[in-house]
Amino acid sequence: MKRIVILALLLIVASCKEQKSKDKEFAFNLMSVVTPIDVIKTSNFTVPVYDYDGFEKLLLANEDKTYIVNFWATWCKPCVKELPYFEKIHNIYKEQDVEVILVSLDFPKKVDEVLIPFLEKQQFSSNVVLLNDPKQNTWIPKVDSDWSGSIPATLIISENKRSFYEKSFTFIELEDALKDFITN
């Protein structure tokens with residue numbers, strides 16, 4: 001049964017990839033499996049918006065990939081500083097079944113004013129989603145029981161391994177953390 005589900009997901013992912021490259025859609029490849037609570041659309045891209053319950057389903061979708069999930073916000077200077085490192089990792093390792101997901105924790109009321117202009121300027125090729133769930137005290141410990149809630153924070157997960165980092169990364173540190181997943 002698990003193989004059938006994985007095969008179905010792979011077919012969905014394969015069909016989504018071509019469309020994504022055509023219209024610069026920022027979307028987690030499994031977005032069609034878990035419906036977002038909202039979708040932010042501009043002329044250049046689309047960003048799915050999830051509450052934590054929906055986002056958690058995406059995290060639990062077990063594929064033969066390594067996911068780097070970075071929690072950030074435009075108002076967090078260390079977060080913005082490290083975003084190019086995640087983008088570089090995405091560009092270098094995307095052919096090795098590594099997927100970068102940039103999870104914006106920006107305030108929903110500031111999306112049009114701050115987040116959208118930031119994304120338009122940056123033109124990320126990594127997946128970007130907005131997490132809109134005000135119950136942080138509920139979902140933060142679900143991401144990692146030791147997470148204080150500070151950002152930047154990064155979760156690296158694969159089918160058999162999980163590591164959480166509540167810190168800023170340099171490119172070398174991020175690549176070294178990723179290599180622990182893809183070389184084992």
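These numbers come from a predicted model, not from an experiment.

1. Overview of the overall build of the protein chain
Point 1. Counting its regular elements, the protein chain contains six helices and seven strands.
Point 2. Its helices and strands in sequence order give the protein chain the pattern α-β-β-α-β-α-β-α-β-α-β-β-α, from N to C terminus.
Point 3. Counting every position in the protein chain, which comprises 184 residues, the buried fraction comes to 48%.
Point 4. Residue pairs in contact within the protein chain that sit at least 24 positions apart in sequence constitute 62% of those at least 6 positions apart.

2. So, the pairing of strand 1 (residues 38-41)
Point 1. Examined bridge by bridge, strand 1 and strand 2 (residues 46-50) share four bridges and lie antiparallel to one another. Opposite D38, over in strand 2, you have V49 as the bridge partner.

3. Concerning the confidence of the model for the protein chain
Point 1. Confidence in the prediction for the protein chain averages 81 pLDDT; 80% of positions are at 70 or higher.
Point 2. Ranking the elements of the protein chain by mean pLDDT puts helix 1 (residues 2-23) last, at 35, and helix 3 (residues 77-93) first, at 96.
Point 3. Overall, residues 1-28 carries pLDDT values under 50, and its contacts beyond four positions in sequence, including any with other chains, amount to 47 contacts.

The rules we used
- Residues numbered from 1 in each chain as written.
- Predicted model: local features only at pLDDT ≥ 70, side-chain atom pairs only at ≥ 80, totals over all residues.
- Heavy atoms only, no water.
- Helix = DSSP H or I, 4+ residues; strand = E, 2+ residues; numbered from the N terminus.
- Buried < 20%, exposed > 50% of the residue type's maximum accessible area, 1.4 Å probe, protein only.
- Contact = heavy atoms within 4.5 Å.
- Pairing = 2+ DSSP bridges.
- pLDDT = per-residue confidence, 0-100.

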